[in-house]
Amino acid sequence: MRKLVAQCLVVLAVAAMAVPAQAQTDITDNRTAEEKWTRSQFLTTYMMMAIIAHGESVGQTPAEFGEWMGKFAAPSWGEPGSRTLQSFVRGAFLNHNLWPGLEFELLIDTPTEVRARMNAPYATLFEEGEYYGVGLEDFKNVWMTAYSLTANHLGFDMTYSLDGDWIEFTVKTR
């Protein structure tokens, strides 16, 4: 009998320490697709800022990070010669169209040259001059440097300029 009482006391003690089901962490996700998309945009931008800021903290310029990013990402665009100029520019367009407010205009579109201009749809994040310690011009340069190296990997030549609110770029076949 004593053994049974002792066992019952142990069971009661364990039960008393258990967390009630209603107090457990809720891991359901009721966000809308739009809310998830907004969060994904923030996380993408935030991670870019973190990497750029970290690079600067160890003496790397944003341009140097852009070069690293371009070399790292270029193979994901395919083998050299596997894309047309138009598919490369469309990829850049789609990447930047992740942010709301993108304005993108084709100025020249031939089989050997595509010239375009676009705004920086992420510029509103930099209203204070910096976003998480990174300036807008540095952010633009990181992206465009990475695209330039990616274009080079694919067998194209790319140049770009930052002209006020606009980024103008030209991609040519070799």
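Residues numbered from 1 in each chain as written. Predicted model: local features only at pLDDT ≥ 70, side-chain atom pairs only at ≥ 80, totals over all residues. Heavy atoms only, no water.

### A short note on the sheet that holds strand β2 (residues 113-119)
Ordered by their spatial adjacency, 4 strands build an open sheet running β1-β2-β6-β5, and the pairing between neighbours is antiparallel. For this open sheet the edge positions go to β1 (104-109) and β5 (156-163), each flanked by a neighbour on one side alone. The average angle at which neighbouring strand axes cross in this sheet is 15°, direction not considered. In the sheet, β5 pairs with strand β6 (residues 166-173) via 8 bridges, with the strands oriented antiparallel. Following the sheet pairing, D163 is matched in β6 by W166. Here helix α4 (residues 85-96) sits on the sheet in contact with β1, β2, β5 and β6, set at roughly 155° to β6. Against the sheet, helix α5 (residues 136-154) makes contact with β2, β5 and β6, and its axis sits at roughly 165° relative to β5, the strand it touches most. (Pairing = 2+ DSSP bridges. Helix = DSSP H or I, 4+ residues; strand = E, 2+ residues; numbered from the N terminus. Axes fitted to C-alpha atoms, helices over the stretch in contact; angles between N-to-C directions. Contact = heavy atoms within 4.5 Å.)

### Some remarks on the packing of aromatic side chains
Summed over the entire model, instances satisfying the criterion amount to 20 aromatic pairs. With 5.9 Å between their ring centres and 20° between their planes, F65 and W68 make a pair best called stacked. In this pair, F65 and W68 both sit in helix α3 (residues 62-73), 3 residues apart, roughly one turn of the helix. We classify F65 as buried; its relative accessible area is 4%. A residue is classified by how much of its surface remains accessible, and W68, at 46% relative accessible area, is partly exposed. Ring geometry for W99 against Y122: centres 4.9 Å apart, planes inclined by 75°, an arrangement best described as edge-to-face. Pair noted here: W99 is in the loop between α4 and β1 and Y122 is in the loop between β2 and β3 (130-131), with a separation of 23 residues, a long-range link. The pair formed by W99 and Y122 is uniform in burial state, with each residue classed as buried. (Phe/Tyr/Trp six-rings, centres within 6.5 Å; stacked < 30°, edge-to-face > 60°. Buried < 20%, exposed > 50% of the residue type's maximum accessible area, 1.4 Å probe, protein only.)

Just distances and angles here, no functional claims.
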